[in-house]
Amino acid sequence: MMGSMGIFANMIVQTHPANIVFLRFLFCVLSLPLLALITYPLFPSATKEKLAESIHFYRHHKALWLMVGMAMALVVALYTLGAVLLSVGLSVILLYTAAIWFPLAEKLACRFLFPGMRPTQFRRAYYLSVFLNLCGLLTIIMGTTQLPSFGSLSSIVGLGAALGASIAFSFSMVLIRVMKTRGIKTDQMIVASSCIGTLIMLPALFIFPVLLSTENLSYAFGMGFIATALGGLVYFKGFGSVRTTLAPILSYLEPIFGFGLAVLILSEAFSITLLIGMAIILASNIGYTLLDIWRSRELLEELDA
């Protein structure tokens, strides 16, 4: 579901990219009470608990709520722009280069925002993975310059947006760590970011072109409800239910499905250079994850017991 976001976004016509971002946030916000109405008759206690968690997060951690909402809203906005202006397949793969920026983002956050938190101590294998991610990223950038559309303003902005989404996502990963230490569930990122994103992007509705046709609104609904609200909530809920050793591997299904849907539905074509760059990024991330799971297998077995 999350991998389908770029497909829905690219099917919206005669609408400025900024308003496509706005529609994603808006329909995600509208979808949250809709989901509550659907789940309440089936799971009344769980629905009430989730609502209480959202209210508690906002009331008792306002600064963190704003920080989480703005950071994740930036990820969503930039990723959507990258998918519309550049490529769905490239954007979803580039999002997973966040590992490159994470150590720096964490150190800056620990120094200036959360002085009581200590930076993670990474092994050499992590920095090898970062180096390979960087090689994959540079390969993709080189391949992007070979595209016929490269040089246009939209292609350059799209590439910048996709890279920016990766950097913003690395900071969001730091905030996930902060949320866990304070007992806040990570699915609250969806609630906070959709609320803040809707407010920030609202002026775009009055500034840039938008076509609110039945067809466009149906795609916007799919983008906000299926790919963002429902997909995101199921994503986080599933990660809390599966084995600890399986969860990190499952996360890489999103870029694989996103890439596959872009090829099958949007007929996106990629040069050998681009495919090599994307393969390097996925292989290095999956390889490091498997290595980390193997090294931590005893602890993970205790957690799953």
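That block above? That's the structure.
The structure presented is a predicted model; accordingly, all values stated were derived computationally and were not measured.

J.: Just to check I follow, could you spell out a nonpolar patch on the surface for this structure?
T.: A cluster of nonpolar side chains, Leu-104, Leu-108, Phe-112 and Leu-113, forms an exposed patch at the surface whose accessible area comes to about 420 Å². Turning to its location among the elements, Leu-104 is positioned in helix 6 (residues 98-112).

J.: Can you walk me through unusual backbone geometry in this structure?
T.: Outside of glycine, negative phi angles account for most residues, and trans bonds account for most peptide bonds. Its identity as a non-glycine residue notwithstanding, Gln-14 has a phi of 50°, on the positive side. The residue Gln-14 is located in the loop between helix 1 (5-11) and helix 2 (17-39) in this model. Despite not being glycine, Ser-267 shows a phi value in the positive range, around 55°. Take Ser-267: it is sitting in the loop between helix 13 (253-265) and helix 14 (272-295).

J.: For this particular structure, what's the right way to read the side chain of Ser-54?
T.: With respect to the secondary-structure elements, Ser-54 resides in helix 3 (residues 44-60). For Ser-54, a relative accessible area of 17% corresponds to the buried category. If near-sequence neighbours (up to four positions away) are discounted, Ser-54 is found in contact with Gln-188 and Val-191.

About the cut-offs
Residue indices follow the written sequence of each chain, beginning from 1 at its first position. Local features in a predicted model are, by the rule used here, given only for residues with pLDDT of at least 70; side-chain atom pairs are given and counted only at 80 or more, and totals for whole chains, interfaces and linings are based on all residues. Water and hydrogen atoms were dropped before computing side-chain values, which therefore reflect all heavy atoms in the structure. Like-charged residues are merged into a patch within 9 Å and nonpolar side chains (Val, Leu, Ile, Met, Phe, Trp, Tyr) within 5 Å, provided each residue has over 30% relative accessible area and no salt bridge. In these tables, accessible area is a Shrake-Rupley quantity obtained with a 1.4 Å probe, and a residue counts as shielded only by the protein chains included in the view. Any Lys or Arg side-chain nitrogen located within 4 Å of an Asp or Glu carboxyl oxygen qualifies as a salt bridge. Helix and strand assignments follow DSSP, with helices taken as H or I runs no shorter than four residues and strands as E runs no shorter than two, numbered in order from the N terminus. Any residue under 20% of the maximum accessible area for its type is buried, any over 50% is exposed, and the rest in between are partly exposed; the area is computed with a 1.4 Å probe on protein chains only. Working rule for contacts: check all heavy atoms of both residues, and any pair within 4.5 Å makes them a contact.

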